[in-house]
Amino acid sequence: MVFFKKDSYSIEDINNLIINEVEENIHLDYKAAGALDKDDKKRTEITKDISAFANSDGGIIVYGVSEEDHRPKEINPIDGRVYTKEWLENVILLIQPRIEEVKIYPIRVDDIGQSIYVVKTPRSSNAPHMARDKRYYKRFNFKSEPMEDYEVKDLYNRVSIPKLEITGCSFYKAEENENEIIYELMANVLNVGHQACESFKLNYYINNYRYCDIGNEVFGEKLIYTALNEHRIKFSRSSKETIYPEEEINMGCLQFFVKKENASKFMKGLVIDMILLYPGGSKDLAYIPSTKEFVSGREDINRILKKMNKEI
C-alpha cells in the first residue's frame, strides 16, 4: 500500500516490487517496453488501460517492467528519447472526457535511453471515460474489460454520490496524575467528492478496552458502546451537520482513563480501527499507537487485529 501513496518513485521502488514479487491486482499493472508504440493499436491499448483504472477505483501502471504469471519479472526499459513523457501524456489526452490528475513519474535506469514510467491514475469523479476505440472499460482482476451498458449508466451517477475520507487520527497522552493516565483520540472526516453529504457515521473499534474506562460524552452527547467480544468494543459518532465539498469536520474528542498499573497492557497491541459509512460508500482506517502506523484495507486491518489479539 505504501507504493500507491508515494509522491515520487525511484529505481529502488521498482526493484522492491520485483524482489518481493508484488502481484498485479485491481490497482496495479506491469507493462513491458513493447506496450508503448506509435501504431494505432498500441495507442488504443494505452487509452483502454488508463481509462479502465479511472472508471474503476484508480491504480498504477508501471511501463518498463515485464511480468510472468502476473508477477514482475525484470526491468525491460523504454527508450525515453523516442517515447517521451510528453508523448505519453498526449496519448492519454485521447481519452474522453479528459481524466484529471493523471500523473506520470519517469525513472531513469541509467540514462534517458533506459526509462521506466510509473503512471498513477485516480478514481475519477467524472466517469465514465471512453478509450480511443469509442468503448468504455473497467479494471477486472488483472485486465481491462469492456463495460456492460448498465455499468456505464451507473458511472454517470458517480458524480452525484458523496465521497468521504478519514483524514487520519491523533491519539495522545493528554494528562497524567498520581493514579492514572488520560489518553485522547480525535479523528477528522473530509469531503473529497463534488457533492455535499448530509449524513454519515464514523464507527470506532477499540481492543484492550478492559484496561481502561472510556469517557461517555462527546460534544455533550452520550456515547453508546457495544462490547463485541472480550477484546473489542464499538462506539459511533454520527454527523450533526452537512459536510460540503473540500470541507473537513472534527468528530470530537474521546477520552480513555487508564490506571497507571494497566498502562503498558493497554498500549500493547492497541489498535484503533475506524469505519466511515456514508451514502454510496465506506472507508476504513486503523491506527497503531505503538508504531504510529496507519493501515488501510480491510484485509490488512483484520490481519493486524488477529496478530495483536494473539499477543495480548
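Colleague: Any chance you could explain helix α4 (residues 85-92) here in plain terms?
Modeller: Structural remark: α-helix, 3.6 residues per turn; residues separated by three or four positions point the same way. For α4, every residue scored as buried is listed here: W87, L88, V91 and I92. In a view along the axis of α4, the buried residues occupy a sector of 140 degrees, so they form one face of it. At its buried positions, α4 is contacted by α3 (40-55), β5 (103-108) and β6 (115-121).

Colleague: What am I meant to see in the packing of aromatic side chains here?
Modeller: The geometry of an aromatic ring pair comes down to the distance between the two centres and the angle between the two planes. Tallying each qualifying case throughout the model produces 11 aromatic pairs. Aromatic pair Y83 and W87: ring centres 5.1 Å apart, planes at 65 degrees, arrangement edge-to-face. Each member of the pair, Y83 together with W87, is buried. Consider the rings of Y225 and F235, whose centres lie 5.5 Å apart with planes at 70 degrees: the pair is edge-to-face. Of this pair, Y225 sits in strand β15 (residues 225-227) while F235 sits in strand β16 (residues 232-238); the two residues are 10 residues apart in sequence, bridging distant segments of the chain. Using a relative accessible area of 0% as the deciding quantity, one classes F235 as buried.

Colleague: For this particular structure, what's the right way to read unusual backbone geometry?
Modeller: Peptide bonds are trans in most cases, and residues, glycine excluded, mostly fall at negative phi. In this model, Q96 is joined to P97 through a cis peptide bond whose omega is -15 degrees. Mapping P97 onto the fold places it in the loop between α4 and β5. Residue A127 is joined to P128 through a cis peptide bond whose omega torsion reads 5 degrees. Within the secondary structure, P128 sits in the loop between β6 and β7 (137-140).

Colleague: Explain the sheet that holds strand β20 (residues 293-295) here, please?
Modeller: Through backbone hydrogen bonds, the strands of a sheet pair up, either in parallel or in antiparallel fashion. Strand order across the open sheet formed by six strands is β15-β16-β11-β18-β19-β20, with antiparallel pairing between neighbours. The sheet is open, and its two edges are formed by β15 and β20, each paired on a single side. For this sheet the average axis-to-axis angle between neighbouring strands, irrespective of direction, equals 20 degrees. Bridge count between β15 and β16: three bridges; the pairing is antiparallel. The partner of Y225 across the bridge, within β16, is F235.

Colleague: Is there a simple way to explain the pattern of salt bridges in this structure?
Modeller: If the charged atoms of two oppositely charged side chains come close together, the side chains can form a pair. Per the stated rule, a full pass over the model turns up 21 salt bridges. We note a salt bridge from K173 to E176, for which the minimum N-O separation is 3.4 Å. A relative accessible area of 46% means that E176 is categorised as partly exposed. The partner of R298 in a salt bridge is D284, and the shortest N-O contact between them spans 3.1 Å. In this pair, R298 is assigned in helix α7 (residues 298-311) and D284 in strand β19 (residues 281-288), connecting sequence segments 14 residues apart. On the basis of relative accessibility, which here comes to 26%, the residue R298 falls in the partly exposed class. Residues joined in a network through salt bridges with shared partners are D29, K31, D49 and R139.

Colleague: Even after reading the chapter, I still don't get the nonpolar core, so can you show me in this structure?
Modeller: For soluble globular proteins, the rule of thumb is that nonpolar side chains tend to be buried together. In terms of nonpolar packing, the biggest core is built from 36 residues, with F171, F200, Y204, F235, F256 and M274 touching the most fellow members. The set of elements that each furnish at least two residues to this core consists of β9 (164-176), β10 (180-191), β11 (201-207), β16, β17 (248-259), α6 (263-267), β18 (272-278) and β19. Discounting residues that sit within four places of it in the chain, Y204 has contacts with L185, A187, I233, K234, F235, R237, M251, L254, D273 and M274. Listed in part, the 20 residues of the second largest apolar core include Y63, I78, V91 and I104.

Colleague: Just checking my understanding: could you explain helix α5 (residues 149-156) for this structure?
Modeller: Three or more residues of α5 are buried, namely E151, V152 and L155. Buried residues of α5, viewed axially, fall in a sector of 100 degrees; they line one side. Seen from the open side of α5, the exposed residues pointing more than 90 degrees away from its buried face are D149, Y150 and K153. Those residues of α5 that are buried lie in contact with α3 and β7.

Cut-off values and rules
Residues numbered from 1 in each chain as written. Predicted model: local features only at pLDDT ≥ 70, side-chain atom pairs only at ≥ 80, totals over all residues. Heavy atoms only, no water. Buried < 20%, exposed > 50% of the residue type's maximum accessible area, 1.4 Å probe, protein only. Helix = DSSP H or I, 4+ residues; strand = E, 2+ residues; numbered from the N terminus. Arc of directions from axis to C-beta. Contact = heavy atoms within 4.5 Å. Phe/Tyr/Trp six-rings, centres within 6.5 Å; stacked < 30°, edge-to-face > 60°. Pairing = 2+ DSSP bridges. Axes fitted to C-alpha atoms, helices over the stretch in contact; angles between N-to-C directions. Salt bridge = Lys/Arg side-chain N within 4 Å of Asp/Glu carboxyl O. Core = buried A, V, L, I, M, F, W, Y, C linked by side-chain atoms within 4.5 Å.

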